[in-house]
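Fold and geometry: a report
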Amino acid sequence: QLARNFSPHEMQLAESLANQAAAAIENARLFAAATRHAERLTILHHASRDLSRLQNLDEVYVAIYDAVGQLMPNEAFAIALLDEERNDIEAVYMIDRGVRYSSRRFPLEGMSGRVVTSRQPLYVPDLAQLDLPLSKIRFGGEEHVRSWLGVPLMVGERVIGVLSTQSYKQHAFDADDQ
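This section reports on the structure supplied with the text. (Residues numbered from 1 in each chain as written. Predicted model: local features only at pLDDT ≥ 70, side-chain atom pairs only at ≥ 80, totals over all residues. Heavy atoms only, no water.)

Some words on the pattern of salt bridges
- Across all of its chains, the model carries ten salt bridges by this definition.
- Among the salt bridges present, the one from aspartate 88 reaches arginine 86, with a minimum N-O distance of 3.6 Å.
- As a salt-bridge pair, arginine 119 and glutamate 157 come within 3.8 Å of each other at their nearest N and O atoms. With arginine 119 in the loop between helix H3 (110-118) and strand E5 (122-124) and glutamate 157 in the loop between strand E6 (147-155) and strand E7 (158-167), this residue pair connects regions lying 38 residues apart in the sequence.
- Arginine 119 sits in the partly exposed class, given a relative accessible area of 33%.
- Look at glutamate 157 and you get exposed, because its relative accessible area is 66%.
- Each of the salt bridges in this network shares a partner with another, and the network as a whole consists of Asp83, Arg86, Asp88, Glu90 and Arg105. (Salt bridge = Lys/Arg side-chain N within 4 Å of Asp/Glu carboxyl O. Helix = DSSP H or I, 4+ residues; strand = E, 2+ residues; numbered from the N terminus. Buried < 20%, exposed > 50% of the residue type's maximum accessible area, 1.4 Å probe, protein only.)

Regarding the environment of leucine 30
- Topologically, leucine 30 is positioned in helix H1 (residues 8-53).
- Looking at leucine 30, the relative accessible area reads 51%, which means it is exposed.
- For the pair leucine 30 and valine 99, spaced 69 residues apart in the sequence, the C-alpha separation amounts to 38 Å.

Quick word on the nonpolar core
- Counting 20 residues, the largest nonpolar core has Met94, Met111, Leu122, Val124, Leu127 and Trp148 as its most contacted members.
- At the level of elements, strand E1 (76-83), strand E2 (88-96), H3, E5 and E7 are the ones that each hand at least two residues to this core.
- Each residue touching valine 124, except ones within four places of it in the same chain, is listed here: Met111, Leu130, Arg146, Ser147 and Trp148.
- With 17 residues, the next largest nonpolar core counts Ile43, Phe77, Val92 and Ile95 among its residues. (Core = buried A, V, L, I, M, F, W, Y, C linked by side-chain atoms within 4.5 Å. Contact = heavy atoms within 4.5 Å.)

Below is the structure:
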């Protein structure tokens, strides 16, 4: 078949259809993002409500782990608390692929130490490509996690530790996760 030239009216109709299609696609994207955001807020609300009722520390750790797992990848997960007297951190809750590990103390260095001392979140999208002068404290199985996200645990203006979640996939987290 030979190529056909379109009339100006047909071109105008095609452009109009394309503009309407683009608007519909953008509206669907915005609706999906708003729905996801609302779902995340609901999870946070339920987690806050549940956490306020708990008094046993181990139950608190499990509830935090469960809430994070509903919000983002957390194949490996740790809660580490700052010990200001000893100038170190104690990983009080560590879990890797559903297996809980005993608590351990670590020097105030590495990625968790950076989060505690800087009081800022730290996201490493691919630990295999880590070019920061940070040591990695490992726990769990033989396979290495690829993505790491850590946020400071704050009480008012005081940092008390760090919560970190990790994934075996690179680039597993986004800005909303942080």
